[in-house]
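# What the coordinates show
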Amino acid sequence: MFSLKQNSWFIRKVVIWRAVASVAWSVILLPVTTALFLFFSRFSLFHPIQCLSECTSLLTASNTIFCLVVLCGVVLMTGFFNLEFYTLVPSIPCSRIALLGTVLHPRQCVHSLVYCTMGMLVMWCASVIIGGRYSTLGTPCRIESGELVTCLNEYHLFFLLSGAFMGYSYSFLGVVQNIYYVSFQPIQQYKYLYFKGSLPKVVKCSVIQSLYSARNFAALYFFFGYAPKAWISSTLNLQIDSSLPPLDSLTGLLDSSLFYHLLISGTFLYLTWYINVLLFRIYVTEAYSFPVQSTFTEDAELCLPKALTEKNTLVMKFLALQDLALLSQHSPTRRLEIFSLSQPGGHPHNWNALINECLSLMSELTHRLVAHQDAVASNGRFKSQSASSDTKSGSSASSVMSGAEDLPETPRHNIPLRTPGSVFLKSSVGGVHSALTAPFTPDLDSPFSSPAIRRLAGQQEPQSPWFGTVQSPHIMRRGPKLWSASTESQANGSPPASPANVPSLPPDNRKPSFLAQWMQNRREQVKSFLAKRVLIVYLFNKLPEASSQALFADSQAHIWALQGLSYLVASSFSEDRFGVVQTTLPNILSSLVILLEAVDRHFKLPHASSKPVRTTCSFGDSTYKTLRFALRAALKTSIYRITTTFGEHLNAVKISAEHRKRLQQFLEFKE
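Computed from a predicted structure; not experimentally measured.

### A closer look at the overall build of the chain
- When its secondary structure is counted, the chain shows 26 helices and three strands.
- For the chain, buried positions account for 46% of its 671 residues.
- Working note: accessible area of the chain is about 35,000 Å², and carbon and sulfur atoms make up 62% of it.

### Considering the pairing of strand 1 (residues 138-144)
- Summarising the sheet, strand 1 and strand 2 (residues 147-152) pair through six bridges and their orientation is antiparallel. Bridge pairing in strand 2 links Thr139 to Cys151.
- Count of turn residues in the strand 1/strand 2 antiparallel hairpin: two residues, of which Ser145 carries a positive phi of about 55°.

### Focus on a nonpolar patch on the surface
- A surface patch of nonpolar side chains, amounting to about 780 Å² of accessible area, comprises Val32, Leu36, Phe40, Phe43, Leu45, Phe46 and Tyr260.
- When residues in the nonpolar patch are grouped by element, the largest group, three residues, is from helix 1 (residues 9-41).

### Some remarks on the sheet that holds strand 1
- Read across the sheet, three strands follow the order 1-2-3 without closing on themselves; strand pairing throughout is mixed. The two strands at the open ends of the sheet, each matched to only one other strand, are strand 1 and strand 3 (239-240).
- By the bridge criterion, two bridges tie strand 2 to strand 3 in an arrangement that is parallel. Note on strand 3: the bridge partner recorded for Leu152 is Ile240.

### Details of the packing of aromatic side chains
- Inspection of every chain in the model, using the stated rule, returns 37 aromatic pairs.
- Between the aromatic rings of Phe217 and Tyr221, the centroid separation amounts to 5.8 Å while the plane-to-plane angle is 40°, which identifies the pairing as tilted. Linking Phe217 with Tyr221, this pair stays in helix 7 (residues 191-224), spanning four residues, or about one helical turn. Just as Phe217 is buried, Tyr221 falls in that class too.
- Here a set of aromatic residues connected by ring pairs shows up, and it is made of Phe80, Phe81, Phe85, Tyr86, Tyr115, Tyr170, Tyr180, Tyr270, Trp273, Tyr274, Phe280 and Phe619.
- One residue, Arg133, lies across the ring of Tyr155, its end atom 4.3 Å from the ring centre.
- A cation over a ring is seen here: Arg533 above Phe529, with NZ or CZ 4.4 Å from the ring centre.

### Observations regarding the pattern of salt bridges
- Counting across every chain of the model gives 15 salt bridges.
- Of the charged contacts, one joins Glu575 and Arg335 as a salt bridge, the two residues approaching to 2.8 Å between their closest N and O atoms. Of this pair, Glu575 sits in helix 23 (residues 555-575) while Arg335 sits in helix 13 (residues 332-339), and the two are 240 residues apart along the sequence.
- What makes Arg335 buried here is its relative accessible area of 6%.
- Here Asp554 makes a salt bridge to Arg368, at a shortest N to O gap of 3.1 Å. With Asp554 in the loop between helix 22 (546-551) and helix 23 and Arg368 in helix 14 (residues 349-375), this pair connects stretches of sequence that are 186 residues apart.

### Some points on the packing of helix 24 (residues 585-602) against helix 26 (residues 657-667)
- Running from N to C, helix 24 and helix 26 point in directions that differ by 80°, and their axes come no closer than 10 Å. Put simply, helix 24 runs roughly perpendicular to helix 26. Between helix 24, through Leu589, Ser590, Val593, Ile594, Leu596, Glu597 and Asp600, and helix 26, the contact on the second element is made entirely by His659, Arg662, Leu663 and Phe666.

### Section: the confidence of the model for the chain
- On average, residues of the chain carry a pLDDT of 80, and 78% of them reach 70 or more.
- Low pLDDT, under 50, characterises residues 378-505; the predicted model gives this stretch 168 contacts beyond four residues in sequence or across chains.

### What about unusual backbone geometry?
- Here Asn237, not a glycine, exhibits a phi torsion of approximately 55°, which is positive.
- For Asn237, the location among the structural elements is in the loop between helix 8 (226-235) and strand 3.
- With relative accessibility at 68%, the residue Asn237 sits in the exposed group.
- With phi around 55°, Phe669 is a residue other than glycine that occupies positive phi space.
- Inspection of the secondary structure puts Phe669 in the segment after helix 26.
- Looking at Phe669, the relative accessible area reads 59%, which means it is exposed.

### Concerning helix 6 (residues 154-176)
- Across its 23 residues, helix 6 extends 32 Å between first and last C-alpha, which sits within 8% of the 33 Å expected from 1.5 Å per residue.
- Within helix 6, 18 of the 23 residues are buried, leaving the element largely enclosed by the surrounding structure.
- Trailing helix 6 by a residue or two, Asn178 shows a phi angle of about 55°, which is positive.

### Regarding the nonpolar core
- In terms of nonpolar packing, the biggest core is built from 143 residues, with Phe10, Phe158, Phe290, Ile338, Trp351, Leu565 and Val569 touching the most fellow members.
- It is helix 10 (residues 256-284) that provides the largest number of residues to this core, a total of 16 residues.
- Other than its neighbours up to four places away in sequence, Phe158 contacts Phe217, Tyr221, Leu247, Leu253, Leu258 and Leu262.

### Considerations on the side chain of Lys317
- Examined against the element boundaries, Lys317 turns out to sit in helix 12 (residues 314-330).
- A distance of 2.7 Å separates the side chain of Lys317 from the side chain of Glu357, its partner in a polar contact.

### Things to note about the packing of helix 4 (residues 96-103) against helix 6
- Closest axis-to-axis distance for the helix 4/helix 6 pair is 10 Å, and the angle between their directions is 135°. Classified by the angle their axes make, helix 4 and helix 6 are oblique. Taken as a pair, helix 4 and helix 6 cross one another with a handedness that is right-handed. Contact residues: helix 4 offers Leu99, Thr102 and Val103, while helix 6 offers Tyr168, Phe172 and Val175.
- Across the contact of helix 4 with helix 6, the residue classes break down as five nonpolar, one polar and no charged.

### So, the environment of Thr60
- Residue placement: Thr60 occurs in the loop between helix 2 (48-59) and helix 3 (62-85).
- The exposure class of Thr60 is exposed, given its relative accessible area of 62%.
- In this structure the side chain of Thr60 is engaged in a polar contact, spanning 3.1 Å, whose partner is the backbone oxygen of Ser57.

Parameters and conventions
Residues numbered from 1 in each chain as written. Predicted model: local features only at pLDDT ≥ 70, side-chain atom pairs only at ≥ 80, totals over all residues. Heavy atoms only, no water. Helix = DSSP H or I, 4+ residues; strand = E, 2+ residues; numbered from the N terminus. Buried < 20%, exposed > 50% of the residue type's maximum accessible area, 1.4 Å probe, protein only. Areas by Shrake-Rupley, 256 points an atom, 1.4 Å probe, with all protein chains shown as cover. Pairing = 2+ DSSP bridges. Patch = residues over 30% accessible without salt bridge, like charges linked within 9 Å, V, L, I, M, F, W, Y side chains within 5 Å. Salt bridge = Lys/Arg side-chain N within 4 Å of Asp/Glu carboxyl O. Phe/Tyr/Trp six-rings, centres within 6.5 Å; stacked < 30°, edge-to-face > 60°. Lys NZ or Arg CZ within 6 Å of the ring centre and 35° of its normal. Axes fitted to C-alpha atoms, helices over the stretch in contact; angles between N-to-C directions. Parallel < 35°, antiparallel > 145°, perpendicular 65-115°, else oblique. Contact = heavy atoms within 4.5 Å. pLDDT = per-residue confidence, 0-100. Expected span 1.5 Å × (residues − 1). Core = buried A, V, L, I, M, F, W, Y, C linked by side-chain atoms within 4.5 Å. Polar contact = N/O pair within 3.5 Å; in protein donor to acceptor, adjacent residues only side chain to side chain. Left-handed = near helix turned anticlockwise from the far one by under 90°. Nonpolar A, V, L, I, M, F, W, Y, C, P; charged D, E, K, R; others polar.

Right under this line is the structure:
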């Protein structure tokens, strides 16, 4: 999420100006879309010449110009919200209750209220531009006692309420369809060509969304339209014209002219907002070239190595990784700067900074995948983390954890990218596993977690009747361990630590009070009661693919890191004159193989390898649903790129036997 409060040179000098440029182009295109809307609103098949002359005269009318000024203010406000709400890592709720919490968040409620207001303003402008029976809220209807009586114009009210409904629909779909997610295109295009190619989709989505909104609002107004109509008429002292059919009836809603004008007005509303969003995406994702190294020390923060380690400004980090992937493919001159040595001293500072960040990203993703695999069993059931830490996993898992020691040590403050906090709803201080496996394990502290889930997750309470007892001869419950044999001591042949060396803690013989036991029993009864309700289970059950999608939500950064690293390693075979890459080649190969094994294990889990269902036409970007497949393809391609370049020379690299065996499959093109 971009915020104007971020004190970063990249936000001030790059992102804000790109957002201003997108808003400026939206304002420039606004008269064009308004002219098209005016033409379609007054189109007549039998009088085309008269229609064109009326549209030309109305474009220069004072009320049309005033409406254009109001629409410019709406576009400016939309651009501001784009800058404030857009994110590079999508927010993926893992359950329906999490999605409901996001929709009802106070920040989202304010956003919905503002867009309802802007929708009413746009539809007011549309009704004024169309004119006729839609122009004003009050209209003279009859004469009583020699005075002209003003009645409520329900058509104008219908348009205003439909604008508020469409504004809320846009805000709601911004959460459900991730309209605020900015994705980077795999192939860079010029801004004009990108906009030209995306414009048909924008128009199609605007028409379809306007059709759905008009249908839903007509049904809503049919059932509840009398309440706002009566309130407005009593508040503004406007009478209701009984000579016209009310719009909250079938006779009033079955009006083809009303439905047509509502459809094109809604299309104009969505088109105005979607064009602003499209231009913002085009400008923000435009490639930015960072200098590899600087002559002056004060310009070091502007360089690529510093930008790669940025944590607060995520757009800067993503664009730096994108620049790394591009320069590794298409810029031999900049590659030589990466392979160069510092003067004086002769140290490869540029290469060390790049390799540390890339390996840190891969290591972080590997640990995240291993934590997820330890939390989820192969049959989709949850298993105890304490049991998984005590028992040995398969051969692939052991190779992943053994190869993790070969990774180069990076500074502790270089924390890699994380999946957004809205995905991981719960965190603890228990370490990496407890923080990263929150969306994939049951919430044991939730008021709706049953005792069966607690027993399955390995968490027992002292007051529970399951603690320290055997309920069946086939169920053996182990007590808590006071010591555990480490894998290193077993590998070295040394005996495990003696239990006598571990100080024992005095047992706690205090019994809980009667009030505590009563509260515990009442809480268990409430949880068991709610767990049997269908609605509660429906809301709190985890979505099948959401956990896997949330796990790879920020994988675009890892894809660029893999591409940049593999291209640089492949280019170093002929361009690295000082051999700076060869010193870290074993760590690079080990990290790639470890990550590949973790990814392969993840795709064996339920719902991980299933393709996402194609949705109907929506302006929300759904590319995050396939990021895990793109990451796996990029990882294998990167390994193939290195193995095909070095060939049999890789046999001289010092790596473990398991990793060498896996690389041999790439050398023989068997993967």
